[in-house]
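What the coordinates show
Spelled out from the first residue to the last, the chains are:
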Amino acid sequence: MMKHILPLIIAFVFAFATFMSGCTDGTVNRSEELKEVLETAQANLNDAFSEESCDYALISEFLKSWAEGCNVEVEKAASHYTVLYNPATEDGTDKKVTTLQCALHTDDIQGDLNALSTALACLLGPTEHNGIRLIVTDIYHRELLGAAAVDKKYLNCDGFINLSNSSDYSLHVAGADTARAVIQTSAKKKAPAYGSAFEITMSFNKFADPFRFDKKNNYPDPIRTIGDLLAGAKSSGKLFEIASFTSEADPGYLPHKVKAVVVLDANSVESLNSRFEKSYKSVENKFDNVDSDFVYTINETEVPSSVLSEKASNELISLMYTLKTGICEQDEETGLIYSASYLSSISTKDKVKVTVDIRTRGTDYMNALSNDYETTSGLCNMKYSISDSHPAWTSSDDSELAGYFSNLVPLAEGTSDIMLPMNELDLFAKKNTKLNAIAYSFAKDGSKNVMRNITNYLDASEEE
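Residues numbered from 1 in each chain as written. Predicted model: local features only at pLDDT ≥ 70, side-chain atom pairs only at ≥ 80, totals over all residues. Heavy atoms only, no water.

**Thoughts on the overall build of the protein**
Each helix and strand counted, the protein has 12 helices and 21 strands in total. Considered along the principal axes of its C-alpha atoms, the protein spans approximately 90 × 50 × 40 Å. Looking at the protein as a whole, 52% of its 464 residues qualify as buried. Accessible surface for the protein amounts to roughly 21100 Å². Of this, 46% is attributable to carbon and sulfur atoms. (Helix = DSSP H or I, 4+ residues; strand = E, 2+ residues; numbered from the N terminus. Buried < 20%, exposed > 50% of the residue type's maximum accessible area, 1.4 Å probe, protein only. Areas by Shrake-Rupley, 256 points an atom, 1.4 Å probe, with all protein chains shown as cover.)

In structure tokens:
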């Protein structure tokens, strides 16, 4: 791949040189110059990064070389993110900065090159502009490595525009309302009453998005899956006790390891194994990416010295049976999801404790879902609490950023300007709670329009 990088940089520098020479004699239109830069970027990025995957170091090297050729500053070149800065022109000011940001899935890079080429063209800016920053981040196997690593000082700006590839235009001016619910009860223990024990485990190495529901190349909610298995066994009258039910997770992602140990009557062993086989096949049929790093097993193990009391076990099983997670409210006609949740952790060590992470499009949906969970918890004799909800990120009410682009990208029927899934902006907003952001998605054939919209917004000559 390295052999493609040098000619790509040369092509970029040549395009920029042409761009700059046109600016000096006034005979070339700036928008036409930027279109040439964009087209060069699109063609050569696709040529240079023609393979599906790419080490981020190659991207970083390209960005540094491109910046040098285009008289753009490299503010930071880190392992998983790069920051470029185009200082204000003479008629602009560096006290007012707009930050552009795009992410590259380095394990599947082709779909992101369009957003990168558009961002690079926009970074060069109109004839007169204030400070423009570009942050390019790394996503590897869905882990937001770059966004997590970005130093918060690069997030200080007047407006922040997240750019990404999509099948059509979309504009989001806020992230979902988020909250964490905690459902718990006493974890009193007793000696086991039965003589056989089995350990049920689900684990995977990848970072899985809990709010991605298309099932393709994704993973099941492991707490939900094992919980449903145990609830089904209990409802059929099988005799077993829960010794432990635990999870391991990284914040914002599905738990990557969940383990339940159950002690059961010898007459229930065959039935539990049969139910497990059905559960495994169901997972295989529903999810396309159940590959070698995915483990879902049941194995006999040593009988533990203690198990949950019958009361605690029954309350937990009842909760697993009745608590609704995944897509909780959705428009039947358009498919637009209004509220969703997932089981983010479970523990039976000191207390029986289940946490549920919730995302909704607005406070009304959050309140409705929370009320349902509180009722369900009460019916299971478990205590319920929920954190204060807040948007994962948002645009400022007193800023022109959201209003300007909302006028250019009207909402299509059956869509929302609130983004439900997590993206890089969730992490950025935690580092800068005053971040004024929008998320702008578009297809390749819309790149020129997007570039025009952004450069018009950046035009300092239009400011009073």
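**Thoughts on the packing of aromatic side chains**
All chains considered together, the criterion is met by 16 aromatic pairs. On the numbers, 5.8 Å between centres and 20° between planes, the contact of Tyr219 with Phe294 is stacked. Highlighted residues: Tyr219 in the loop between β10 (196-203) and α6 (222-235) and Phe294 in the loop between α7 (269-286) and β13 (295-301), separated in sequence by 75 residues. Both residues of the pair, Tyr219 and Phe294, belong to the buried class. Sitting over the face of the ring of Phe240, Lys234 holds its NZ or CZ atom 5.6 Å from the ring centroid. For the cation-ring pair, Arg359 lies above Phe211, with the distance from its terminal atom to the ring centre recorded as 5.7 Å. (Phe/Tyr/Trp six-rings, centres within 6.5 Å; stacked < 30°, edge-to-face > 60°. Lys NZ or Arg CZ within 6 Å of the ring centre and 35° of its normal.)

**Some remarks on the environment of His105**
One can find His105 in strand β3 (residues 97-105). When the C-alpha positions of His105 and Glu143 are compared, they lie 9.2 Å apart, and in sequence the two are 38 residues distant. Among residues more than four places away in sequence, those in contact with His105 are Asp112 and Ile139. (Contact = heavy atoms within 4.5 Å.)

**Some points on the sheet that holds strand β12 (residues 257-264)**
The sheet built from 4 strands is open, its strands ordered β11-β12-β10-β13 with antiparallel pairing. Across the chains shown, the open sheet's two edge strands, defined by having one partner strand only, are β11 (240-248) and β13. Neighbouring strand axes in the sheet, compared pairwise and without regard to direction, differ in orientation by 15° on average. Two strands pair when backbone bridges link them, and β10 and β12 are joined in this way by 8 bridges, in the antiparallel orientation. In the sheet register, Met202 faces β12, and the bridge partner there is Val258. (Pairing = 2+ DSSP bridges. Axes fitted to C-alpha atoms, helices over the stretch in contact; angles between N-to-C directions.)

**Some thoughts on the sheet that holds strand β2 (residues 81-86)**
Across the sheet, which stays open at both edges, the 7 strands sit in the order β1-β2-β4-β3-β5-β21-β6 with mixed pairing between neighbours. The sheet is open, and its two borders are formed by β1 (73-77) and β6 (170-172), each paired with just one other strand. In this sheet, adjacent strand axes meet at a mean angle of 20° when their direction is disregarded. In this sheet, strand β21 (residues 437-442) lies alongside β6 in antiparallel orientation, the contact comprising 3 bridges. From the neighbouring strand, His172 faces β21, where its bridge partner is Ala439.

**Quick look at the pairing of β2**
The buried count for β2 comes to 6 of 6 residues, which makes it a mostly enclosed element. Here 4 bridges tie β1 to β2, and the two strands are oriented antiparallel to one another. Following the sheet pairing, Lys76 is matched in β2 by Val83. The hairpin turn running from β1 into β2, its antiparallel successor, is 3 residues long.

**A word on the confidence of the model for the protein**
Mean pLDDT for the protein: 90, with 91% of residues reaching 70 or above. Scored below 50 in pLDDT, residues 20-27 shows 5 contacts in the model against residues more than four places distant or in partner chains. (pLDDT = per-residue confidence, 0-100.)

**So, the side chain of Ser395**
Looking at where Ser395 falls in the secondary structure, it is placed in the loop between β19 (390-391) and α10 (400-408). With sequence-adjacent residues up to four places away left out, Ser395 is seen in contact with Val173, Ala402, Asn436, Ala437 and Ile438.

**Describing α7**
Each full turn of the α-helix corresponds to 3.6 residues, which orients residues three or four apart in the same direction. With 18 residues, α7 extends 26 Å between its outermost C-alpha atoms, agreeing within 8% with the 26 Å of an ideal straight helix rising 1.5 Å per residue. Listing the buried residues of α7 in full gives Val269, Leu272, Phe276, Ser279 and Val283. Viewed along the axis of α7, the buried residues span an arc of 85°, placing them on a single side of the element. Exposed side of α7, more than 90 degrees from the buried face: Glu270, Lys278, Lys281 and Asn285 are the residues found there. (Expected span 1.5 Å × (residues − 1). Arc of directions from axis to C-beta.)

**Points about unusual backbone geometry**
Of note in this structure, His141 is not a glycine but carries a positive phi near 50°. Inspection of the secondary structure assignment puts His141 in the loop between β4 (131-139) and α5 (145-149). Of note in the backbone geometry, Asn381 takes a positive phi value of approximately 60° without being a glycine. Relative to the helices and strands, Asn381 resides in the loop between α9 (363-379) and β18 (383-386).

**Focus: the pattern of salt bridges**
Enumeration according to the criterion identifies 11 salt bridges in this entry. One salt bridge in this structure joins Lys448 and Glu39, with 2.6 Å as the shortest N-O distance. One end of the pair, Lys448, is in helix α12 (residues 447-458); the other, Glu39, is in helix α2 (residues 30-48), and 409 residues separate them in sequence. Here Glu39 falls in the partly exposed class, since its relative accessible area comes to 37%. Its salt-bridge partner being Arg133, residue Glu75 comes within 2.6 Å of it at the nearest N-O pair. On the criterion of sequence distance, the pair formed by Glu75 in strand β1 and Arg133 in strand β4 is long-range, its members being 58 residues apart. (Salt bridge = Lys/Arg side-chain N within 4 Å of Asp/Glu carboxyl O.)

**Some remarks on the environment of Ser377**
Within the fold, Ser377 resides in helix α9. Here the alpha-carbon distance between Ser377 and Asn218, two residues 159 residues apart in the chain, equals 29 Å. Not counting the four nearest positions on each side in its chain, Ser377 is found in contact with Ile183, Met382 and Tyr384.

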